[in-house]
Amino acid sequence: TAILAGLDTAEDRHARRTATATRVAAFLAAHPRVEEVHHPSLPTHPDADVIRRQYVRHGSMVSFRVRGADEDAARHVADVLATTTIVRYALSFDGLATKVNHHQTVSEYFTPNDQLRRNGFDRLIRLGIGLEDADDLIAALNWTLHHATEVAPAQVAAWQQARAASWTAAPQAL
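Summarised in this report is the structure supplied together with it.

Criteria and cut-off values
- Residues numbered from 1 in each chain as written.
- Predicted model: local features only at pLDDT ≥ 70, side-chain atom pairs only at ≥ 80, totals over all residues.
- Heavy atoms only, no water.
- Buried < 20%, exposed > 50% of the residue type's maximum accessible area, 1.4 Å probe, protein only.
- Helix = DSSP H or I, 4+ residues; strand = E, 2+ residues; numbered from the N terminus.
- Pairing = 2+ DSSP bridges.
- Expected span 1.5 Å × (residues − 1).
- Polar contact = N/O pair within 3.5 Å; in protein donor to acceptor, adjacent residues only side chain to side chain.
- Core = buried A, V, L, I, M, F, W, Y, C linked by side-chain atoms within 4.5 Å.
- Contact = heavy atoms within 4.5 Å.

1. Re the pairing of strand β4 (residues 99-102)
Two faces, one strand: in a regular strand the side chains alternate between the faces of the sheet. On β4, burial covers both faces: K99 and N101 on one face and V100 and H102 on the other are all buried. Pairing analysis gives 4 bridges linking β4 to strand β5 (residues 125-128), with the strands arranged antiparallel. Looking at the pairing, N101 lines up with R126 of β5.

2. Describing the sheet that holds strand β2 (residues 61-66)
Across the sheet, which stays open at both edges, the 5 strands sit in the order β1-β2-β5-β4-β3 with mixed pairing between neighbours. The open sheet has two edge strands, β1 (34-38) and β3 (88-89), and neither has a second partner.

3. Digging into helix α3 (residues 71-83)
Residues spaced three or four apart along an α-helix face the same direction, because each turn holds 3.6 residues. Its 13 residues place the ends of α3 19 Å apart at the C-alpha level, agreeing with the 18 Å of an ideal helix rising 1.5 Å per residue. Where α3 is concerned, the buried positions are E71, A74, H76, V77, A78, D79, V80, L81 and A82. For α3, the side-chain oxygen to backbone nitrogen distance between the N-cap and D72 is 3.2 Å, and the N-cap itself is D70. Phi for T85, located one or two positions after α3, is positive at around 65°.

4. Brief notes about the nonpolar core
In this structure, L28, F64 and L127 are the most contacted members of the largest nonpolar core, which totals 31 residues. Residue assignment for this core shows that the elements contributing at least two residues are α1 (2-30), β1, β2, α3, β5 and α6 (134-147). The dominant element in this core, judged by the number of residues it contributes, is α3, at 6 residues. Contact partners of L127, with chain neighbours within four places excluded, come to V24, L28, S60, M61, V62, F64, L81, V87, F93, K99, V100 and L141.

The structure is reproduced here in structure tokens:
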């Protein structure tokens, strides 16, 4: 019954998510602290011509690399982005909330860094765009890209512990 109840809004939600992903990808592609962005809406996508002719929408997954960041720095940026609470850190991209993860940490944990580079997965931060307002997501990304280096890993860890404790204290809020 729950699935059927959501079918009426599924197309509108998908359209909103993909439109937001297109705006976020364009923002990231123009950002001076971003080295590379992957999203089918961008003219730099290797299949841009086919996509332009055949896609109705471009999808809600965006991935990017921070300029000059190694794996640890990329993971830190993803962690700091999650502290904005606009974006959630996730192991998967289910649901309607925007989620972020550092690809190596989640999907390639045991893959050596040189193999990640050969496969093109090194330093990759992935976003699964949800229903949040595009301007809110862009603001969170912009703040993170400009300030992540000012946030110490210990501060991120303390935030993560406080967040986990709040879930335990009020499970009904989940």
